[in-house]
Each structure stands twice: as C-alpha cells, then as structure tokens.
Amino acid sequence: MASPAPDPRSTAPDPPEARLDTLQAQSVRMEKSASAVRQSSQAVEHSTQHVSESADRRTELAADRTIFAAERTYAAWVRTGLAALASGVGARAVLESVVADWVIMATATVLVLLSAFCFVCAIWRYLRPGAPLSIPSIRRLPAVMLIGVNIFLMFVALAALYGIWHGDFTPK
C-alpha cells in the first residue's frame, strides 16, 4: 500500500495576500482583546474604589451605632434608677401598716441607694462606651449636661433617703 502523495497546495507557502489577511485578522482580535482588558481593568479599579468607600462608610456607621448604644445604655440606667427611687419612696408610704417598720426602712433604703448607684453607673457607662471610636458622623450628648442631670438626681435620691428616715408618711 502506497501512502498518499502530499497535496502540493498544503505545502506551498501562503501567498503574501493571505498572510497579510491573517495578520490583519490577528491584529483585529488583539485590539479587541486589548480593549476588553482595558475595560476590565477600569471595572476592577472602579470596584476597588467602591469597596474602599463602602468600608469607610461601614466604619463610620459602626461608630454611630456605638454612640447610639451608649445613649440607650445611659437611658436604661437612668430609667432603672428612677424606678428604684420611686419604689423606695412608695415602699415607705404604702407598706406603713403592712410589715414591721425595720423592714420598711431597710427596703426603702436599699431601693433609694440602688437608684443612686444606677445614676453613677449611667455616667460611668456613657463616658466609657468600649473600644475607641473612629470619627462618627453624629455628635454625642454633652457629658457635662448628663453629669449635671445625674448629680441632680443623686441629690433627689439623698433627699428621698432623708425623707424616708426622718419624714412623716402618716396619712392625714
């Protein structure tokens, strides 16, 4: 069996026009590929910038949430202190003829002292919210104002304690 003879057209060198067409086609494909790479590069650059801005915004929002959490914690401590103060005064007034006087005095005293403790804790927790904050977009409540309010509430608690021990709670 004889092997087929090679086709003279396939081994013959390409004419210059055919090579030129092939090179032009490759050039067009390379230009399209380069254009696609440029577009992809610009998209990656834009995406990277967007991610960076997004991370900065998330950090700023986290700082805002930390401030709001500190304010909610402050409000919870003050609310608990006011409830304990009202309960202490109410215990002295309501339990007058129900239980022994020493139980009334001890209960009322503990509740009023708890209220004073809550007022101190409110400021302490507000001024020390935790990890250092980045720069938030909102302002914190002025600490001087909150300290002043809590000092006033402490004086109210002390006055209530004095009234519990030395006041006349008998109905008239």
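Residues numbered from 1 in each chain as written. Predicted model: local features only at pLDDT ≥ 70, side-chain atom pairs only at ≥ 80, totals over all residues. Heavy atoms only, no water.

A look at the side chain of Ser-115
Step number 1: Here Ser-115 is to be found in helix α3 (residues 101–127).
Step number 2: For Ser-115, a relative accessible area of 0% translates into the label buried.
Step number 3: At 2.5 Å, the side chain of Ser-115 forms a polar contact with the backbone oxygen of Val-112.
Step number 4: Setting aside its immediate chain neighbours within four residues, Ser-115 contacts Gly-81, Ala-84, Leu-85 and Ala-157. (Helix = DSSP H or I, 4+ residues; strand = E, 2+ residues; numbered from the N terminus. Buried < 20%, exposed > 50% of the residue type's maximum accessible area, 1.4 Å probe, protein only. Polar contact = N/O pair within 3.5 Å; in protein donor to acceptor, adjacent residues only side chain to side chain. Contact = heavy atoms within 4.5 Å.)

Observations regarding a nonpolar patch on the surface
Step number 1: A cluster of nonpolar side chains, Leu-127, Ile-147, Ile-151, Phe-155 and Leu-158, forms an exposed patch at the surface whose accessible area comes to about 450 Å².
Step number 2: Take the nonpolar patch: its biggest share by element is four residues, from helix α4 (residues 143–166).
Step number 3: By secondary structure assignment, the location of Ile-147 is in helix α4. (Patch = residues over 30% accessible without salt bridge, like charges linked within 9 Å, V, L, I, M, F, W, Y side chains within 5 Å. Areas by Shrake-Rupley, 256 points an atom, 1.4 Å probe, with all protein chains shown as cover. Salt bridge = Lys/Arg side-chain N within 4 Å of Asp/Glu carboxyl O.)

Digging into the packing of α3 against α4
Step number 1: The geometry of α3 relative to α4 is characterised by a closest axis approach of 10 Å and an angle of 175 degrees between their N-to-C directions. Regarding the angle of α3 to α4, the classification is roughly antiparallel.
Step number 2: A class-by-class count of the residues in the contact of α3 with α4 yields 20 nonpolar, three polar and no charged. (Axes fitted to C-alpha atoms, helices over the stretch in contact; angles between N-to-C directions. Parallel < 35°, antiparallel > 145°, perpendicular 65-115°, else oblique. Nonpolar A, V, L, I, M, F, W, Y, C, P; charged D, E, K, R; others polar.)

Details of the environment of Arg-79
Step number 1: If you trace the backbone, Arg-79 turns up in helix α2 (residues 16–94).
Step number 2: For the pair Arg-79 and Phe-119, spaced 40 residues apart in the sequence, the C-alpha separation amounts to 9.1 Å.

Any functional reading would require information that these geometric values do not contain.
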